[in-house]
Structure formats: C-alpha cells, structure tokens
Amino acid sequence: MLENSQMRENMLLQYADDIIKVEMGSLRGEMLRFVGQYGGTCGVAVETAGRRMALQVEGRLRETLERLKRDETLDVVGNSVGNFNHLEAMVQQLLSAARTQASRLSKMESSCFSSPGAGMPMNSKTGSRLAEGGMTGHQEQEVTSRELALDGVVAALQQTRVELGEVLRSSRQRYLPAGCEMALLFPMRSRRIYTSVIPDVPLSVSSFTVCMWVKPTTVSNKTVLFSYGNRRNPYEIQLLLGQTSALFTIGGEAHLVEARGVVKPGGASDWIHLCGAWSSEQGLASLWADGKKMASTPGVAEGHVLPDGGSLQLGQERNGCCPLSPGSGVQGFEGGFDPKLAFAGKMTGVNMWDRVLSEEEISQLALQEGQGCEQRGNVVAWGVTEMVPHGGAQFMN
C-alpha cells in the first residue's frame, strides 16, 4: 500500500509539473502572438502583465513542489495517504490560481480589442507580418526593447512635468497675485523706509479685518507688516511676521494670536496672503494664511474700541513716539523706528474693512490666480486710499 501511495504521489507531481509547463508555455505563446498581431502600448501592457502572472503562478508552483518533496520523506502509510489528499487539494488551489490569472488576461485582451486602433496588425521592422506560430527570439527581444523605450519615455515625461512645474512656479513669482497691478517695494530694512497710510474713514471701530499679500525678502524675530497706534498705545493693531510664524495683536502684545508654520525658515520666496480679523463684541481674534484659518483666540481686547487719530504705517511700527529727528522735517517718525523691525520685500492688496469678513470672502481674496485685488476695503482700499512711501519705498508695476 505504501508503494501504491508513493506511486500516486509521483504521478501527481508529474501531473502538476506538466500542467504548469504546458499551460504556461501555451499562455506565453498566445501572448506573444497577441503582441505580434495587435502591438502597440496595449500589447506591451499585456506582455508585461503576462510575465507578472507567470511569476506569480511559478512562485506558487515552487512552494507546492517544495512541500511535496518534504512530504515524500514520510514513511508512515496513514500519513502518506493523508498527505496525498492534502497535495491534491494544493494542486487544485494551484489550478484555481492559474484560471484566475487566465481570466485577468482575458479581460485585458478584451479591453485591448475594444480600444481605438484595436485589430490593426503590427509589422516588424522588415515590414512582414509575424508568423502565426509565434514570434522569433529577435522579435520577442524587439518587443522587450520597445517596452524599455516606453518606460524611458514615461520617465522622461515625468521629469519634464516636474521641470515645467518649477518653471511655472518661478514665472508666477515674476507677476503679482490676485489680479493686482502694482505693489509696494521695500528694498531693504531701514528705519527710514516705510509707507504711511491715510485711512478713508476714522479708525474708531469695534471690529475690523485687515488683509494683504506679502513677499518678504527676509524676516527677523519680529518683522512689522501693518501697524496702527497713537502716543498712548503704539500697538493698537499689529500684523507681524516671525521666523516661521505670523502674529496678530490688538491693543498690545499681551493680546497675541500666532499662526505657526506660515513662513519658510529664513524667509519666504512665495507670495503669502494674510488676514487678521477681530470683533470687540466677542473678543474673538483670528489669523488667516492663504485663505485658511490658522489660529483663533477668544477674549482678545473684549469691549475695546480702537481710538481715532493714530498713525497707520506699512513696513514699520511707531514705537518710539516720537522725538524729532534733526533735519528730518517730519516730526517723530524717523526717531521712533527700529531698523530691526523693518519689512524688506514686496507688498500688495492691502485692504481694511470695518467688519469681520466671512470665511468665503477671505478664501476668495486669497486666490493667487483670482481677482482679489478688485475687492477693496471701506477703511483702507488698495489703489484708492492715499499711501505715501518714504525713504526708498516705492510703488512698482
């Protein structure tokens, strides 16, 4: 009985081996004829998929054969008969896997037949049709070479796409964002370089939103973008940049809202859209960057009303308030400015409203390819409100 069982196992091994060799050989031959007949990208895809399927099935076969060899060393009759039943189940699983792969290949062939250009024969370099019996070694190598060439083309196209993206980002930086037609240039950090703003209405408000586009050349621990104050409190409103953060204060530095990760370390080369919004009724201050709410703090200067008659600057803060600089002709300003706080870079789209803008309004203003500069504030309106550059600051197109 042991001899009969071993004989049956050997027959089963041979049977499984023949199935795989014959069926995989036949499958590969059919694929090569398919590639020869229909060619092109679809044919290459089928050939690639077929090789992958073959590797998967062959891997399953190797696993099965290894287990068969281990089982052959068993000498107990009961175990041998049980192993035979187990091996038969394994072969059935192997055949099932082969059928699954064949079904996948059939679906791929059907897709190729139904695609545009299907059914068009492919000629070799000599112009002759490939023989029905299969492709020669040279022709098979030609298909592989074509596949490698296509892979190279895809890689080259991907690299080109990356390079074009870099060119596009670079070109965008040469133009102003959001449909703006001019910008303020602050060429360097200096206590003499700033821009004074004369608001269209008094700044005695209990809520507001300030928005602007900035492109800093460099930033320090505290770089002033927008500052409003008077002699009593120079820090009524401040919109600032830190090393990697944006900061927003109302009524003094004790009421601070900070959004981290807004600025790239060492300064930013891209345009950044910033908005600071505040309401006295709820004391809620929010800071937005590129159309997204980055930070929100309740209880900020709740019940406070901004005093009128202060000084509004871009690119500096009036913190010395303000000794007269000899020979300056302008009382206070130069003596009260700190060059370490000065902004260097470009600024555009500076607007201020006497209300808190909605999320949708801010997101629209922050669209770099949009027309946000056409939406002007009713307190400070970019391109309408008088802005006076000083000390080398200038408007540029």
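About the criteria used
Residues numbered from 1 in each chain as written. Predicted model: local features only at pLDDT ≥ 70, side-chain atom pairs only at ≥ 80, totals over all residues. Heavy atoms only, no water. Helix = DSSP H or I, 4+ residues; strand = E, 2+ residues; numbered from the N terminus. Buried < 20%, exposed > 50% of the residue type's maximum accessible area, 1.4 Å probe, protein only. Contact = heavy atoms within 4.5 Å. Areas by Shrake-Rupley, 256 points an atom, 1.4 Å probe, with all protein chains shown as cover. Pairing = 2+ DSSP bridges. Axes fitted to C-alpha atoms, helices over the stretch in contact; angles between N-to-C directions. Phe/Tyr/Trp six-rings, centres within 6.5 Å; stacked < 30°, edge-to-face > 60°. Polar contact = N/O pair within 3.5 Å; in protein donor to acceptor, adjacent residues only side chain to side chain. Disulfide = S-S within 2.5 Å. pLDDT = per-residue confidence, 0-100.

Trainee: I keep staring at the overall build of the chain and nothing clicks. Help me out?
Mentor: Across its full length, the chain holds six helices and 14 strands. Counting over 397 residues, the chain shows a buried share of 43%. In the chain, 69% of the contacts between residues at least 6 apart in sequence involve partners at least 24 apart. Just so you have it, the chain exposes about 20800 Å², and 52% of that area is on carbon and sulfur atoms.

Trainee: Would you take a moment to explain the sheet that holds strand E7 (residues 256-260) for this structure?
Mentor: Through backbone hydrogen bonds, the strands of a sheet pair up, either in parallel or in antiparallel fashion. With antiparallel pairing, the seven strands of this open sheet are ordered in space as E7-E6-E5-E4-E11-E2-E13. Each edge of the sheet is formed by a strand with only one pairing partner; in this case those strands are E7 and strand E13 (386-390). Here the strands of the sheet are splayed against their neighbours by 15 degrees on average, with no regard to which way each runs. Pairing between strand E4 (residues 223-229) and strand E11 (residues 311-314): four bridges, direction antiparallel. Of the residues in E11, the one forming a bridge with Gly229 is Ser311.

Trainee: How should I be thinking about the packing of aromatic side chains in this particular structure?
Mentor: The relation between two aromatic rings is expressed through the spacing of the ring centres and the mutual angle of the planes. Here the structure, examined in full by the defined rule, presents five aromatic pairs. Ring centres of Tyr194 and Phe337 lie 4.7 Å apart, and the angle between their planes is 75 degrees; this geometry places the pair in the edge-to-face category. Here Tyr194 is found in strand E2 (residues 194-198), whereas its partner Phe337 is found in the loop between helix H5 (333-336) and strand E12 (344-353), with 143 residues between them in sequence. What makes Phe337 buried here is its relative accessible area of 5%. Here Phe208 and Phe248 contribute two aromatic rings whose centre-to-centre distance is 6.1 Å and whose plane-to-plane angle is 80 degrees, an arrangement assigned as edge-to-face. Separated by 40 residues along the polypeptide, Phe208 in strand E3 (residues 207-218) and Phe248 in strand E6 (residues 245-250) bring together distant segments of the chain. For the pair Phe208 and Phe248, one class covers both residues: buried.

Trainee: Even after reading the chapter, I still don't get the side chain of Thr249, so can you show me in this structure?
Mentor: Mapping Thr249 onto the fold places it in strand E6. According to the relative accessible area criterion, Thr249 is buried, its value standing at 1%. Residue contacts for Thr249: discarding those within four places in its chain leaves Tyr235, Glu236, Ile237, Gln238, His255 and Leu256.

Trainee: What exactly am I supposed to notice about the environment of Ile193 here?
Mentor: Positionally, Ile193 belongs in the loop between strand E1 (183-186) and E2. Along the sequence, Ile193 and Gln316 sit 123 residues apart, while their C-alpha atoms lie 7.9 Å from each other.

Trainee: What am I meant to see in the side chain of Thr385 here?
Mentor: With respect to the helices and strands, the residue Thr385 is situated in the loop between helix H6 (359-365) and E13. Only 2.8 Å separates the side chain of Thr385 from the side chain of Asp200, close enough to count as a polar contact. From its side chain, Thr385 meets the backbone nitrogen of Ala381 in a polar contact 2.7 Å long. Apart from the residues lying within four places of it in its own chain, the contact partners of Thr385 are Val197, Ile198, Pro199, Asp200, Val379 and Val380.

Trainee: Please explain the sheet that holds strand E8 (residues 272-279) as it appears in this structure.
Mentor: Ordered by their spatial adjacency, seven strands build an open sheet running E10-E9-E8-E3-E12-E1-E14, and the pairing between neighbours is antiparallel. In this open sheet, the two edge strands, each paired with only one partner strand, are strand E10 (292-297) and strand E14 (394-396). Taking each pair of neighbouring strands and ignoring which way they run, the sheet shows an average axis angle of 25 degrees. Relative to E10, strand E9 (residues 284-289) is paired through five bridges, and the arrangement is antiparallel. What sits directly across from Ala285, in E10, is Thr297.

Trainee: Is there a simple way to explain the pairing of E3 in this structure?
Mentor: Along a regular strand, successive side chains alternate from one face of the sheet to the other. Burial runs high along E3: 10 of the 12 residues are buried. Pairing geometry for E3 and E8, over eight bridges, is antiparallel. When the bridges of E8 are listed, Met212 appears paired with Leu274. In terms of strand pairing, E3 meets E12 through eight bridges, oriented antiparallel.

Trainee: I'm lost on the state of the cysteines in this one. Help?
Mentor: Disulfide: a covalent bond formed between the sulfur atoms of two cysteine residues. Inspection of every chain in the model, using the stated rule, returns two disulfides. A sulfur-sulfur distance of 1.6 Å marks the disulfide that ties Cys180 to Cys373. Residues Cys180 and Cys373 are joined through a disulfide that is right-handed, its torsion about the S-S bond being 65 degrees. Of the two residues, Cys180 sits in the loop between helix H4 (137-173) and E1 while Cys373 sits in the loop between H6 and E13, which places them 193 residues apart along the sequence. Overall, the relative accessible area of 5% leaves Cys373 in the buried class. Disulfide partner of Cys211: Cys275, at an S-S distance of 2.0 Å.

Trainee: Just to check I follow, could you spell out the confidence of the model for the chain for this structure?
Mentor: Atom-level detail of predicted coordinates should not be read off regions where pLDDT is low. Residues of the chain with pLDDT of at least 70 account for 54%, and the chain-wide mean is 76. For residues 74-82, every residue scores under 50 in pLDDT, and the model assigns this stretch 10 contacts once sequence neighbours within four places are set aside. Every residue in residues 117-133 scores below 50 in pLDDT, and together they form 26 contacts with partners more than four places removed in sequence or on other chains.

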